[in-house]
Amino acid sequence: MSDLPLLLRVARGENGDRPPVWMMRQAGRYMKVYRDLRDKYPNFRERSENPDLAIEISLQPWRAFQPDGVIMFSDILTPLPGMGIPFDIIESKGPIIDPPIRSLEQIENLRPLDPEESLPFIKTILKTLRSEVGNKSTVLGFVGSPWTLAAYAIEGKSSKNYSIIKSMAFSEPEILHKLLGKIADAIAVYVRYQIDCGAQVVQLFDSWAGQLSPQDYQIFALPYQQRVVRQVKETHPDTPLILYISGSAGVLEKMGQSGVDIVSVDWTVDMAQARARLGQDMKVQGNMDPGTLFGSPEFIKARVHDTVKQAGNQGHIMNLGHGVLVGTPEDHVRVFFETAKSIRY
C-alpha cells in the first residue's frame, strides 16, 4: 500500500506522517505561465476542452510547487452540453446559458449523459495526468453538484440572490426536482467516467448550496448529493469523494450526511470546531483563508501550522477554504506548500 501517493492514502483513511496538501484553483490566474497561455488562447472552453492545453495548465502548479494533488483543469459546467444545455464562458462575466432552463418541456428534452461521446477529451486529460505524475501525486477529478448546476442552468448566469431558481423551488418544486434528478444521474455517470479514466479522488463542488437555508438544503441539495454518491459507490466503492460548499457553516453536519468520505471546510469555521461537529470518523480538507496568502511569509507559515494543529494528525488534507485568489504572489503560494510539506506529526 505504501507506494500509493500520500493524499490518496489519507483520503482512504490511512495515517500519513504529514498532511497532504493541494490548493483549490491551484492552476489559474495567479500564475504568470497561465496568464501567458490565456493571452494566446483567450477562449476558456478551448483551454479546458483541448487536451493539450488542459494538461499543460493542470501541470503548471505541479511543476512549480509539487503539490500532493494534481486536479484536472476543467469547469463544473463542462458536462452540460452533453445533456443538451449549451454554455459559453465570457472572460469578465463568467458562464452564460442561453436559453436558460425554465420549463418542464425543456427538462423533459434533456438527454442522458454519454461521456464517451460528448466528453472524450476528459479521458485524454486524466490518463495523461496519471502517467505524468505517476505515484508522486494524486490525480483529482471534479464535478459540480446538482443544485449548483441547476442554479446555473435556470438562472442562465451567475447570480447574487438566486431568485429565479428559488422561485421555482418554492412555487413549482416538482419541476425543479425533475431537473435535479436528471442532473444527479448525469453527474454520477460523469464521476464514474472520470474514475475509469484515471481520477483517483473526485471532488464535488456544490458551490451555491451555501445560499440555501438548512431546511431547503435538506430538500433540494442533500438528497441529490446522496443520489450521486450512492450511484458512484455502487460501482467504485474505493474511490474517495470530497464535498465542498462555500459558505457552509450552517449546513456542515448535513454535508457529512451526503455519503462522501471527506468534507472540505471553508474558512468561516474554526477547523477544530468543524471536526467536532462532523465527528471523528469524517475526514476533512481545508481550511485556510485564501486571503492569508497576501500576508507575510512568516504569517502564512504560522497560519498553516495553526490549521494543521487544529485539524489534528489524521484524516486531514491541507488546503485553502476556497480557491486561491487572483493576484496572490506565487512566492507566497510556494511558502504555503513548503510549510505544509515540512510539517511532521
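Residues numbered from 1 in each chain as written. Predicted model: local features only at pLDDT ≥ 70, side-chain atom pairs only at ≥ 80, totals over all residues. Heavy atoms only, no water.

## Re the overall build of the protein chain
Here is the rule: The secondary structure listing takes helices from DSSP runs of H or I that are at least 4 residues long and strands from runs of E that are at least 2 residues long, numbered from the N terminus. We compute the radius of gyration from the C-alpha atoms alone; for a globule the expected value is 2.2 Å times N to the 0.38, where N is the number of residues. Each residue gets one of three labels from its accessible area relative to the maximum for its type: buried under 20%, exposed over 50%, partly exposed in between, using a 1.4 Å probe on protein chains only. For this analysis, residues touch if any pair of their heavy atoms sits within 4.5 Å. Each accessible area is a Shrake-Rupley result for a 1.4 Å probe, and residues are judged covered by the shown protein chains and nothing else. Residues scored as charged are limited to Lys and Arg (positive) and Asp and Glu (negative), so that His and the chain ends carry no count. We put the charge of a Lys on NZ, of an Arg on CZ, of an Asp on CG and of a Glu on CD.
Looking only at helices and strands, the protein chain features 16 helices and nine strands. Here the protein chain has a C-alpha radius of gyration of 19 Å; the compact-globule value for 345 residues is 20 Å, and the two agree. Its C-alpha atoms put the protein chain at 55 × 45 × 40 Å along the principal axes. Buried residues in the protein chain amount to 57% of all 345 residues. Taking as baseline every contact in the protein chain between residues at least 6 positions apart, the subset at least 24 positions apart corresponds to 72%. When the accessible surface of the protein chain is totalled, it reaches about 13800 Å², and 49% of it is carbon and sulfur. Looking at the protein chain, you have 38 positive and 40 negative side-chain charges, and the mean spots of the two groups are 3 Å apart.

## Considering the environment of Leu 325
The residue Leu 325 is located in the loop between β9 (316-320) and α16 (330-342) in this model. For the pair Leu 325 and Ala 249, spaced 76 residues apart in sequence, the C-alpha separation works out to 21 Å. The contacts of Leu 325, once residues within four sequence positions are left out, are Tyr 30, Pro 290, Gly 291 and Phe 294.

## A short note on helix α12 (residues 222-235)
Threshold: An expected span of 1.5 Å times one less than the residue number is assigned to each helix.
For α12, spanning 14 residues, the distance from its first C-alpha to its last is 21 Å, which sits close to the expected 20 Å at 1.5 Å a residue. Along its buried surface, α12 packs onto α8 (146-155), α10 (173-197), β5 (201-205), α11 (214-220), β6 (241-244) and α13 (252-255).

## A closer look at helix α14 (residues 271-278)
Operational definition: This arc is built from the directions going out from the helix axis to the C-beta atoms. In protein, a polar contact means a hydrogen-donor-capable atom and an acceptor-capable atom, both N or O and within 3.5 Å, with residues adjacent in sequence counting only if both atoms are side-chain atoms; elsewhere, any N or O pair within 3.5 Å suffices.
Within the sequence span of α14, burial applies to Met 271, Ala 274, Arg 275 and Leu 278. The arc that holds the buried residues of α14, viewed along the axis, is 100°, so those residues lie on one side. Looking at α14, the residues exposed on the side facing more than 90 degrees away from the buried face are Gln 273 and Ala 276. Buried residues along α14 sit in contact with α13, β7 (262-264), β8 (283-288), α15 (297-311) and β9. For α14, the side-chain oxygen to backbone nitrogen distance between the N-cap and Ala 272 is 3.0 Å, and the N-cap itself is Asp 270. In the segment just after α14, Gly 279 is the residue with positive phi, at about 90°.

## Thoughts on the side chain of Lys 283
Stated precisely, the cut-off is as follows: Each reported salt bridge corresponds to a side-chain nitrogen of Lys or Arg within 4 Å of a carboxyl oxygen of Asp or Glu.
On the secondary structure map, Lys 283 appears in strand β8. In this structure, Lys 283 is buried with no salt-bridge partner, the nearest side chain bearing the opposite charge being Asp 261 at 5.2 Å. Not counting the four nearest positions on each side in its chain, Lys 283 is found in contact with Val 10, Ala 11, Arg 12, Gly 13, Asp 261, Ile 262, Val 263, Arg 275 and Gly 315.

## Let's talk about the sheet that holds β8
Applicable threshold: The rule for pairing is simple: two strands pair if DSSP sees at least two bridges between them. Axis angles are defined between N-to-C directions and span 0 to 180 degrees, where every axis is a line fitted to C-alpha atoms and, for a helix, only to the segment in contact.
Strand order in the open sheet formed by seven strands is β1-β4-β5-β6-β7-β8-β9, with parallel pairing between adjacent strands. What marks the edges here is a single partner per strand, and that holds for β1 (69-71) and β9. Sheet twist, expressed as the average angle between the axes of neighbouring strands with direction ignored, equals 25°. Where β5 meets β6, four bridges bridge the pair, whose relative direction is parallel. Bridging from a neighbouring strand, Val 202 pairs with Leu 241 of β6. Taken strand by strand, helix α7 (residues 120-133) contacts β1 and β4 (138-144), and its axis lies near 155° from that of β4.

## Digging into the environment of Ile 90
Take Ile 90: it is sitting in strand β2 (residues 88-90). The spacing of Ile 90 and Gly 210 is 120 residues in sequence and 24 Å in space, taken between C-alpha atoms.

## Observations concerning the layout of surface pockets
The line we're drawing: Of the grid points, spaced at 1 Å and generated over the protein atoms alone, those admitting a 1.4 Å probe that cannot get out make up cavities, while open sets with protein on both sides within 12 Å along at least five of seven lines make up pockets; any residue with an atom within 4 Å of a point is treated as lining. Grid points are joined across faces, edges and corners, and a volume is the space filled by probe spheres set on the points.
Each pocket or cavity is described by its volume, and for the largest pocket that value is around 1200 Å³. In this structure, the largest pocket is lined by 39 residues; those nearest its centre are Arg 25, Arg 29, Phe 44, Ser 74 and Asp 75. Counting only elements with at least two residues in the lining of the largest pocket, the list comes to α3 (44-49), β2 and β3 (94-96). Roughly 150 Å³ of volume is contained in the second largest pocket. Every residue along the wall of the second largest pocket is listed here: Trp 267, Val 269, Asp 270, Met 271, Asn 287, Met 288, Asp 289, Thr 292, Arg 303, Asp 306, Thr 307 and Gln 310. For the lining of the second largest pocket, the secondary structure elements donating two or more residues are β8 and α15. Among the elements that line the lining of the second largest pocket, the one with the most residues is α15, at four residues.

## Quick word on the side chain of Ser 264
With respect to the helices and strands, Ser 264 occurs in strand β7. Separated by 2.9 Å, the side chains of Ser 264 and Gln 285 make a polar contact. For Ser 264, the contacting residues outside a window of four places in its chain are Met 24, Ile 242, Leu 243, Tyr 244, Ile 245, Met 255 and Gln 285.

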